[in-house]
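Structural overview for review
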Amino acid sequence: MKYFIMGLMLFTFGFHYAQDCDLTLLGELKDFHDGSPIIAANIYIKQLDKYIISDFDGKFKIDDLCQGEITLVISHVGCETKTVSILMESDVFKSITLEHHIEELNEVAVVGSRNLKTTKTAQETLLKTKIIEQYSGLSLGDALKEVSGVSSINTGNSIVKPMINGLHSSRILILNNNVRLQDQEWGIEHAPNIDINSADQISVIKGSGALAYGSDAVGGVIVINPKKPIRKDSLYGKTILNGQTNGRGFSATSTLNKSYKSGWYANIQGTIKQNGDFEAPDYSLTNTGLQSQSFSIHAGKNTFESGFELFYSYINNEIGILSSSHIGNVNDLINAINNQQPAIIRDFSYSIDNPKQEVIHHLLKAKYFKRYKNFGKISLQYDYQNNNRLEFDIRRGELRNDAALDLTLQTHTILADVNLDSNLDRKFNFGILARYQDNYAPNTDLRRLIPNYEKYDLGTYITTEWRLNDKLLLDAGLRYDFTRVDAFKFYRISRWQERGYDIDFPEFEVEREGISGANIFTNPVFDFHNVSASIGMRYNFNNESYVLANYNLASRPPNPAELFSDGLHHSAARIELGDLRLNPEIANRVSVTYGYDITNFSINVNGFYNVINNYIYLRPTSVLQSNRGAFPVWEYEQTNARLFGLDLTMSYDLSNQWNWLNKTAFIKGYDEDDLPLIDIPAFSTTNSITYKNQNWYNFSASIKSEWVFEQNEFPDFNFEVENPSTEDIELLDISTPPPAYNLFHFYSQATFALNAKTDLNIAFGINNLLDTSYRNYLNRLRFFADDLGRNVTLQLKLNY
């Protein structure tokens with residue numbers, strides 16, 4: 001009986017097997033974004049433990065399948081491996097999409113970091129993680145000077161504003177994780193509120209070629225990107241400790257990253273910095289310390305077809321301003337220039353007293369994107385920023401602890417972007433942006449330098465990229481922006497009438513207030529229409545050399561300081577006057593780049609010519625007597641300007657272990673009367689010799705020479721003033737640049753493996769090796785003190 005039952009079961013199962021294992025799966029593999037077939041892909045059939053390959057049409061066939069679920073693991077060079085499960089109940093046809101151009105589209109990092117540029121035809125330079133980490137204890141402006149043609153305009157050592165080809169502040173756009181930084185950037189003494197340790201890659205774009213970011217990038221764009229999420233299960237991080245002798249400073253930063261193969265990721269990063277009084281070679285620079293705390297959180301899910309991200313960053317800076325730079329009147333400035341040494345020199349201290357700045361900046365971003373087959377990608381982004389700036393002057397009595405300048409700027413931005421890249425040879429990108437800003441300046445018992453105002457922006461853009469053949473690439477773009485500024489400001493009636501505003505702008509007048517109507521309350525409203533455009537070309541002669549050519553049109557409306565400044569700027573010891581009649585700047589920039597790169601030699605030459613109509617600048621016009629003394633009056637004016645120059649980067653491997661690197665920058669700037677523009681960088685050149693030995697703890701050491709020439713072309717803004725001490729008329733020389741200088745720097749590093757997953761990098765450096773005394777023309781405190789002396793640095797970096 002039991003043999004009968006066993007035979008019946010075998011017959012039944014055999015019949016069932018024969019009946020259900022005759023199913024067929026017919027499949028095809030297509031490229032997600034353009035529908036082209038994926039040829040010669042490996043298809044692993046998990047249940048059968050066998051491989052097949054797709055044919056020239058991207059098709060494949062699997063016969064003799066049983067009912068149930070079948071799992072395919074599909075892989076192809078240049079594609080992300082994809083796992084697909086299919087329920088087989090009958091014969092099935094299945095179309096499966098893979099993305100064959102995932103690296104070119106730069107959507108997902110499978111391993112490592114991105115090294116792709118923002119644009120393909122613009123003059124663009126990348127700073128990668130290694131260079132950024134070298135400047136971990138310093139600022140964004142310090143790191144960017146690694147790029148030829150990029151300098152900085154400083155207020156001491158801790159306030160460093162980037163300058164690209166002679167232009168800075170409102171003429172440069174800074175983007176932090178695709179959010180345009182809004183932090184009162186109009187101020188020459190307002191440093192960008194960025195923690196450089198939050199960046200994985202920094203891109204410097206010279207000119208206004210990146211139209212998706214704004215129409216007013218007369219000088220250029222700085223793009224700061226965090227680390228791209230890695231699509232695999234991992235947990236890793238790094239900690240960097242920095243110490244330096246000058247300022248007895250230290251900093252610590254740590255980053256922790258968690259990612260999943262499914263695309264989920266999270267990152268947290270934090271930094272603390274502390275510096276005391278810095279030192280020049282011969283004396284202490286009293287009250288120049290810095291305290292900074294920052295952190296950022298980045299989380300979301302990132303797959304090729306869709307994703308979202310949340311990003312928040314916080315930075316809190318307290319920055320001391322050199323005590324001797326606080327000037328009561330213009331006569332103090334005469335004494336400061338004549339003394340050649342700070343009037344106030346005290347023992348070292350970590351304490352920060354007035355004058356100083358306190359700045360807190362919040363940034364919040366939410367973004368979602370979705371990719372569609374045979375179409376492209378649609379992105380939606382909202383970001384919010386809150387920037388609170390307090391500037392403390394030396395005040396007396398009950399106001400001594402109150403800020404002289406108090407500004408809170410809130411910014412809301414919505415961005416919608418469509419990227420049509422289904423045809424990689426003909427790409428289109430367009431979008432629309434809406435932004436609202438509210439600037440609040442409470443009463444500080446001083447005349448507000450910048451008034452309360454609301455600002456509205458609406459912009460739209462379109463860009464395209466055409467690859468004509470393997471050698472020639474063209475791109476072009478067009479952008480329009482509407483800006484409305486709605487301000488609320490008190491003027492002295494005497495100033496209102498003196499400048500002719502009562503005749504030109506009677507519609508702005510609201511009411512008169514004060515004793516005998518001494519003040520007038522006004523509501524200036526301005527509308528600006530800005531058009532920008534670009535066209536670029538890249539031609540590859542061969543694998544070693546190429547040429548770029550660009551034309552950029554940029555339009556920048558005057559910023560609030562240029563329009564509304566009206567009062568004593570205490571930290572600058574001058575009265576600054578804006579002008580309601582200022583027109584937008586219009587810049588026409590032409591540039592050409594030649595690049596050549598072979599195994600042991602590379603050269604990159606950038607040339608540019610930038611014509612800026614209605615160029616806005618500050619110039620002294622008179623001296624005003626007040627109850628606090630005599631102060632120079634600086635007014636915002638306009639002229640037609642032209643800037644031109646050449647940037648050179650050249651590298652040569654002398655052997656397998658020795659390298660020579662040169663970076664040179666030359667720039668000239670003139671107004672419509674052929675007079676030199678103010679604050680144009682002098683000719684500079686740096687040369688470095690580096691030794692590397694990868695077989696000995698990846699050791700390297702370099703010596704660098706930084707040679708800055710004297711600026712021999714400058715505007716004569718000197719003026720005469722009476723010295724009350726001698727009752728003589730003296731010439732106040734605020735124009736003549738300081739002499740040339742040559743600094744030497746040393747840097748070395750080595751990496752030690754602690755275990756299979758952890759290594760320790762130790763870096764040792766000496767800046768201003770010879771302790772040279774010098775003054776930088778682009779440092780606003782050059783009238784009062786020398787720049788920094790020797791600084792010995794030590795950095796420990798732990799990767800885990």
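So, a few notes on the structure that sits alongside this text. These numbers were taken from a predicted model, which means no experiment stands behind them.

1. What about the overall build of the protein?
Helix and strand content of the protein: eight helices and 45 strands. For the protein, whose C-alpha radius of gyration is 31 Å, the value lies close to the compact-globule estimate of 28 Å for 800 residues. When the backbone C-alpha atoms are referred to their principal axes, the protein occupies close to 130 × 65 × 55 Å. Counting every position in the protein, which comprises 800 residues, the buried fraction comes to 54%. Put simply, 65% of the contacts in the protein that link residues at least 6 apart link residues at least 24 apart. Total accessible area on the protein stands at roughly 35600 Å², and carbon and sulfur atoms take up 55% of it. Here the protein contributes 73 positively and 95 negatively charged side chains, and the mean placements of these two sets differ by 6 Å.

2. Observations concerning the sheet that holds strand β1 (residues 23–31)
The pairing of strands in a sheet comes from backbone hydrogen bonds and takes either a parallel or an antiparallel form. Spatial ordering of the open sheet is given by β4-β1-β7, a layout of three strands whose pairing is mixed. Every other strand in the sheet has two partners, leaving β4 (59–65) and β7 (92–98) as the edge strands with one partner each. If you compare each strand with its neighbour and ignore which way they point, the axes differ by 20 degrees on average. Pairing between β1 and β4: five bridges, direction antiparallel. Looking at β4, one finds that Glu28 is bridged to Lys59.

3. Regarding the pairing of strand β26 (residues 426–440)
Sheet topology places strand β25 (residues 405–420) next to β26; 13 bridges connect them, and they run antiparallel. Bridge pairing in β26 places Ala416 opposite Ile432. With antiparallel pairing between neighbouring strands as the criterion, β25 and β26 make up a hairpin whose turn holds five residues. In this structure, β26 lies alongside strand β27 (residues 452–467), joined through 14 bridges in antiparallel fashion. Looking across to β27, one finds that Asn429 is bridged to Thr463.

4. Section: the pairing of strand β32 (residues 545–556)
Moving residue by residue along a regular strand, the side chains alternate between the two faces of the sheet. β32 sits mainly inside the fold: ten of its twelve residues count as buried. Where β32 meets strand β35 (residues 585–597), twelve bridges bridge the pair, whose relative direction is antiparallel. The residue of β35 that forms the bridge with Leu548 is Thr593.

5. What about the packing of aromatic side chains?
Taken as a whole and assessed by the stated rule, the structure comprises 36 aromatic pairs. Arranged with centres 5.4 Å apart and planes meeting at 45 degrees, the rings of Tyr436 and Tyr456 form a pair that is tilted. Of this pair, Tyr436 sits in strand β26 while Tyr456 sits in strand β27, and the two are 20 residues apart along the sequence. Judged by relative accessible area, which is 27%, Tyr436 ranks as partly exposed. Overall, Tyr456 belongs to the partly exposed group, its relative accessible area being 32%. Ring geometry for Tyr697 against Phe752: centres 4.6 Å apart, planes inclined by 40 degrees, an arrangement best described as tilted. Taken together, the residues span a long stretch of sequence, with Tyr697 in the loop between β39 (684–693) and β40 (699–708) and Phe752 in strand β43 (residues 741–753) at a distance of 55 residues.

6. Comments concerning the side chain of Asn530
Here Asn530 lies in strand β31 (residues 525–540). Residue classification places Asn530 among the buried residues on the basis of a relative accessible area of 1%. Separated by 3.0 Å, the side chains of Asn530 and Ser555 make a polar contact. If we skip the residues at most four places from it in the chain, Asn530 touches Ser215, Arg479, Tyr480, Asp481, Thr483, Ser555, Pro557 and Pro584.

7. Focus on the sheet that holds strand β6 (residues 82–88)
Taken in spatial order, the four strands make up an open sheet running β3-β2-β5-β6, and their pairing is antiparallel. Of all strands in the sheet, those with a lone pairing partner are β3 (50–53) and β6, marking the two edges. Averaged over neighbouring strand pairs, the angle between their axes works out to 25 degrees when direction is ignored.

8. Side note on the pattern of salt bridges
Enumeration over the complete set of coordinates arrives at 31 salt bridges. A salt bridge links Arg171 to Glu585, with the nearest nitrogen and oxygen atoms 2.6 Å apart. Separated by 414 residues along the polypeptide, Arg171 in the loop between β11 (167–168) and β12 (172–176) and Glu585 in strand β35 bring together distant segments of the chain. Taking the relative accessible area as the measure of exposure, Arg171 reaches 7% and is therefore buried. Lys455 serves as the salt-bridge partner of Asp457, at 3.0 Å between the closest nitrogen and oxygen. Exposure remark for Lys455: the relative accessible area of 19% places this residue in the buried category.

Quick notes on the rules
- Residues numbered from 1 in each chain as written.
- Predicted model: local features only at pLDDT ≥ 70, side-chain atom pairs only at ≥ 80, totals over all residues.
- Heavy atoms only, no water.
- Helix = DSSP H or I, 4+ residues; strand = E, 2+ residues; numbered from the N terminus.
- Rg over C-alpha atoms; globule rule 2.2 N^0.38 Å.
- Buried < 20%, exposed > 50% of the residue type's maximum accessible area, 1.4 Å probe, protein only.
- Contact = heavy atoms within 4.5 Å.
- Areas by Shrake-Rupley, 256 points an atom, 1.4 Å probe, with all protein chains shown as cover.
- Lys, Arg positive; Asp, Glu negative; His and termini not counted.
- Charge placed at Lys NZ, Arg CZ, Asp CG, Glu CD.
- Pairing = 2+ DSSP bridges.
- Axes fitted to C-alpha atoms, helices over the stretch in contact; angles between N-to-C directions.
- Phe/Tyr/Trp six-rings, centres within 6.5 Å; stacked < 30°, edge-to-face > 60°.
- Polar contact = N/O pair within 3.5 Å; in protein donor to acceptor, adjacent residues only side chain to side chain.
- Salt bridge = Lys/Arg side-chain N within 4 Å of Asp/Glu carboxyl O.

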